[in-house]
Amino acid sequence: MENHHHHDHSHHTNKKALFIGFIITSGFMLIEAIGGFLTNSLALLSDAGHMLSDSVSLGIGVLAFMLSEKVADYSRTYGYKRVEILAAVFNGVTLLIISLFIFIEAIERFTEPENVASVGMLTIACIGLVVNVVVAWILHRGDTENNLNLRAAFLHVIGDLLGSIGAIVAALCIIFFEWNWADPLASIIVGILVLFSGFRVTKDSLHILMEGTPKGVKVEEIIDTMKKVPGIISIHDLHVWTITSGQNALSCHAVVDGNLPVKDCQQILRDIEHRLLHQNIHHVTIQLENDEHPHEESILCQAKVDDNHHHDHHH
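Residues numbered from 1 in each chain as written. Predicted model: local features only at pLDDT ≥ 70, side-chain atom pairs only at ≥ 80, totals over all residues. Heavy atoms only, no water.

## Examining the sheet that holds strand β3 (residues 283–290)
- A sheet is described by the order of its strands in space; here 3 strands give the open sequence β1-β2-β3, paired in mixed fashion. Pairing within the sheet leaves two strands with one partner each, and these edge strands are β1 (232–244) and β3. With direction set aside, neighbouring strand axes in the sheet form an average angle of 10°.
- Bridge count for strand β2 (residues 247–256) against β3 is 8 bridges, and the pairing is parallel. Bridge pairing in β3 places Ala-254 opposite Leu-288. (Pairing = 2+ DSSP bridges. Helix = DSSP H or I, 4+ residues; strand = E, 2+ residues; numbered from the N terminus. Axes fitted to C-alpha atoms, helices over the stretch in contact; angles between N-to-C directions.)

Here's what the structure looks like:
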């Protein structure tokens, strides 16, 4: 229960962090877009574009948190917890597309540099830096380690923060040396960072959607842990997957000594659940079988595992 309470608490903190971030980012994005238009600074405009993707991603993040709170029903036995992972995929892909636009835009700027109102650009970029530092700090106070959605938003904002630093340096180069090419160069550096973070977020969330083994969970160690429980002879049909950020599930068949009384079997199950909780497994479904009826004779075995999975495996 303590773990569940912790999850609810961090869920609320994460949602609040995203919501505050969303409000601040959206507000400043409008200022930056207008500023970029008035100063003719493409660096500011592309940074505003980047911030637009930010506020969209933060907004989707808030929405995903709200939807994932909807209670499970018969058609979705896990509730809407996966929405969060879908939002993270969308985020990652958005970042990849934005990086592409930044590269195309920057290449055009290199061939035909434009005049920029550099002092105005510098002022707005400095305000942008402060805003991004504040938002990054708010998000970082949430659970960026375990929550993919929050981490995606955090990476967006870090990319923005670096974008602001790039715009500041570019503005200074234009003011002091009239190096107009500093502007597109700054945006290319940001583009590379955006590309990397987009790739990572997309890869992580697709791994979850593919029912991959959760990060930081070692299957060998889990089997080892379970086999150490007195009365367990062997383990088979083991599946470990992630429902949503920070919630891992496991299903398996455990063969127990056929001579054990029923109450001992209950104790074995409780023992296993307790041990697995320490290995970051929160939902455990175990089918106990005795060694007198080997696995081959159990026709229901495979179907049972598919049922345990709660997923849409249409046979």
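## Notes on helix α5 (residues 148–177)
- In this model α5 runs 42 Å from its N-terminal to its C-terminal C-alpha over 30 residues, within 8% of the 44 Å that 1.5 Å per residue would give.
- The buried fraction of α5 amounts to 22 of the 30 residues, a majority that puts the element mostly inside the structure.
- With a side-chain oxygen positioned 2.9 Å from the backbone nitrogen of Leu-150, the residue opening α5 is Asn-147. (Expected span 1.5 Å × (residues − 1). Buried < 20%, exposed > 50% of the residue type's maximum accessible area, 1.4 Å probe, protein only. Polar contact = N/O pair within 3.5 Å; in protein donor to acceptor, adjacent residues only side chain to side chain.)

## Considerations on the pattern of salt bridges
- Scanning the entire structure with this criterion turns up 6 salt bridges.
- The shortest N-O distance in the salt bridge between Arg-151 and Asp-204 comes to 2.5 Å. Of this pair, Arg-151 sits in helix α5 while Asp-204 sits in helix α6 (residues 182–209), and the two are 53 residues apart along the sequence.
- A residue is classified by how much of its surface remains accessible, and Asp-204, at 13% relative accessible area, is buried.
- The closest approach of N and O atoms between Arg-275 and Asp-271, which form a salt bridge, is 3.1 Å. On the criterion of helical spacing, the pair formed by Arg-275 and Asp-271 is a turn pair, its members being 4 residues apart in helix α8 (residues 262–277). (Salt bridge = Lys/Arg side-chain N within 4 Å of Asp/Glu carboxyl O.)

## What about the side chain of Ser-118?
- In this fold, Ser-118 is placed in helix α4 (residues 118–140).
- Those residues in contact with Ser-118 that sit more than four places away from it in its chain are Ala-171, Ile-174 and Ile-175. (Contact = heavy atoms within 4.5 Å.)

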